[in-house]
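Structural characterization, general
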Amino acid sequence: MYYQYKKQFQQALVEWYKREKRDLPWRRTCDPYKIWVSEVMLQQTRVDTVIPYYERFLSEFPTLQHLADAEEEKLLKQWEGLGYYSRARNLQAGVREVVENYNSLVPDNRSEISKLKGVGPYTAGAVLSIAYNKAEHAVDGNVMRVLSRVLLIEEDIALPKTKKTFENAVMELIDPMHPSEFNQGLMELGATICTPTSPKCLLCPVREFCTAFNEGQPENLPIKTKKVKMKHIPYDVFVIKNTIGQFLVEKRPAKGLLANMWQFPMVEQVGNADTTNETKLAEQYNLNLLSREKLTSFKHIFSHLTWHIESYSIGCEEQAKLPGNCQWFTAEEMANLPMPVPMQKVWQSYKIETTSL
DNA sequence: AAAACGGGGAC
DNA sequence: GTCCCAGTTTT
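Residues numbered from 1 in each chain as written. Chains lettered and ligands numbered in written order. Predicted model: local features only at pLDDT ≥ 70, side-chain atom pairs only at ≥ 80, totals over all residues. Heavy atoms only, no water.

Taken together, 25 residues lie near DNA strand C, and R27, Q44, G118, D140 and R145 sit nearest. Of all atoms in DNA strand C that approach within 4 Å of the protein, 68% are sugar or phosphate atoms. In the environment of DNA strand C, a base oxygen lies 3.0 Å from a nitrogen or oxygen atom belonging to the side chain of R46. Looking at the surface near DNA strand C, the elements that each hand over two or more residues are α8 (121-132) and α9 (141-150). (Near = heavy atom within 4 Å. Polar contact = N/O pair within 3.5 Å; in protein donor to acceptor, adjacent residues only side chain to side chain. Helix = DSSP H or I, 4+ residues; strand = E, 2+ residues; numbered from the N terminus.)

And the structure:
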């Protein structure tokens, strides 16, 4: 973009942003910690979803120190339902690094802040520009969409190396006097005007600078090729209650899918027979099963795989020897355990089934 | 470079 | 159903 147009573009974007920006909770503060929390929550997650989590999280952990001191169970409980739970663990690890190594001051330069756990190129640039007003790139999906249209960039955004093109473009275009408003303006534009489908070009403050609007078809940008192949896994899930009213739950492994989250015992379905899976359950968990009743069936879609859940209610004698990751809890105790959404659905189904008796 | 990693909303 | 969302880490 020619130099004289660049300054006009910056001014048009920044003035539009100042005028039209949505009133969001994290826009009422410059506290780097709070900006950091908001940016992590917003990764791959919509604004409307984040707002209630953000408010609750910061009232529970108002400072770096509060979060650094938190128990993981309590942290995950706050994150429950938001997804990508490693974000929460990484955020806490990063916060602990800041408390221990940076005197509780979030670093204000890219090389240091990028070393923090969970802080990638985007989050680094977002915190630096928004909290510290540094002229740093913060390239997310919105920015790639907006700039692919404005600058008619036709590289495949599914390829990792393409990100560099957009980071360079931002550094070339960014308003050095208003980095925070410039970066947020690009994202706000992508979220509200320059949307994936049917962009509202007639309302766009920078359409006169937009190559795709003037020459091409904005709706066909950006170009993205990658498609994911979904795996499907059928599971039987069991809500198991012993004779003194406790329920059996297990903690998932510390790595991988839904790490350290709690769940009801589940076994992968092998055939379409029903008794084989129950036998497998009794063996795996060393249980003496008494009764059984069908609960809800549904499918739960993750980003890369689908669980097909069938759930059952089981009565059972209490056993002395349980696998190490298993524990009996009362319903009240269970309420404090972080559980993923599919397990909450099963539990909800159980409660409805039993209260109707 | 590709896959893993949640959940939900919009079309 | 598909896409994608204020992405990062691991393989």
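The next thing to look at is the UniProt feature "domain: HhH-GPD" (unreviewed entry) in chain A. UniProt records the feature "domain: HhH-GPD" (unreviewed entry) at residues 41-192, using the numbering of this structure. Secondary structure across residues 41-192 comprises 64% helix and 0% strand; the distance between its end C-alpha atoms is 19 Å. (UniProt positions renumbered as here; feature names shortened; annotations may be inferred.)

Residue P222 is bonded to the preceding L221 through a cis peptide linkage, with omega at 0°. For P222, the position within the fold is in the loop between α12 (211-215) and β1 (231-241). A positive phi angle, close to 65°, is found at N260, a residue other than glycine.

Taken together, 22 residues lie near DNA strand B, and R46, Y84, Y85, L258 and H304 sit nearest. Within 4 Å of the protein, atoms of DNA strand B come from sugar and phosphate in 58% of cases. Considering only residue class, the surface near DNA strand B consists of ten nonpolar, eight polar and four charged. (Nonpolar A, V, L, I, M, F, W, Y, C, P; charged D, E, K, R; others polar.)

Another point: the side chain of S129. Considering the arrangement of structural elements, one finds S129 in helix α8. Classification of S129 as buried rests on a relative accessible area of 0%. Among the polar contacts listed, one links the side chain of S129 to the backbone oxygen of A126, at a separation of 3.3 Å. In contact with S129, not counting residues within four places along its chain, are K134, E136, P179, S180 and N183. (Buried < 20%, exposed > 50% of the residue type's maximum accessible area, 1.4 Å probe, protein only. Contact = heavy atoms within 4.5 Å.)

What follows concerns the pattern of salt bridges. Following the criterion strictly, the structure yields 13 salt bridges and no others. For R28, the salt bridge is made with D23, and the minimal N-O distance between the two is 2.5 Å. You can call R28 exposed: its relative accessible area is 64%. Note on D23: relative accessible area 55%, which makes it exposed. (Salt bridge = Lys/Arg side-chain N within 4 Å of Asp/Glu carboxyl O.)

Once that is clear, we can look at α8. Across its twelve residues, α8 extends 16 Å between first and last C-alpha, which sits within 8% of the 16 Å expected from 1.5 Å per residue. Among the twelve residues that make up α8, ten are buried, leaving the element largely enclosed by the rest of the structure. Taken as a whole, α8 has its buried residues at Y122, T123, A124, G125, A126, V127, L128, S129, I130 and A131. Where α8 is buried, its residues touch α2 (32-41), α7 (110-113) and α11 (179-192). (Expected span 1.5 Å × (residues − 1).)

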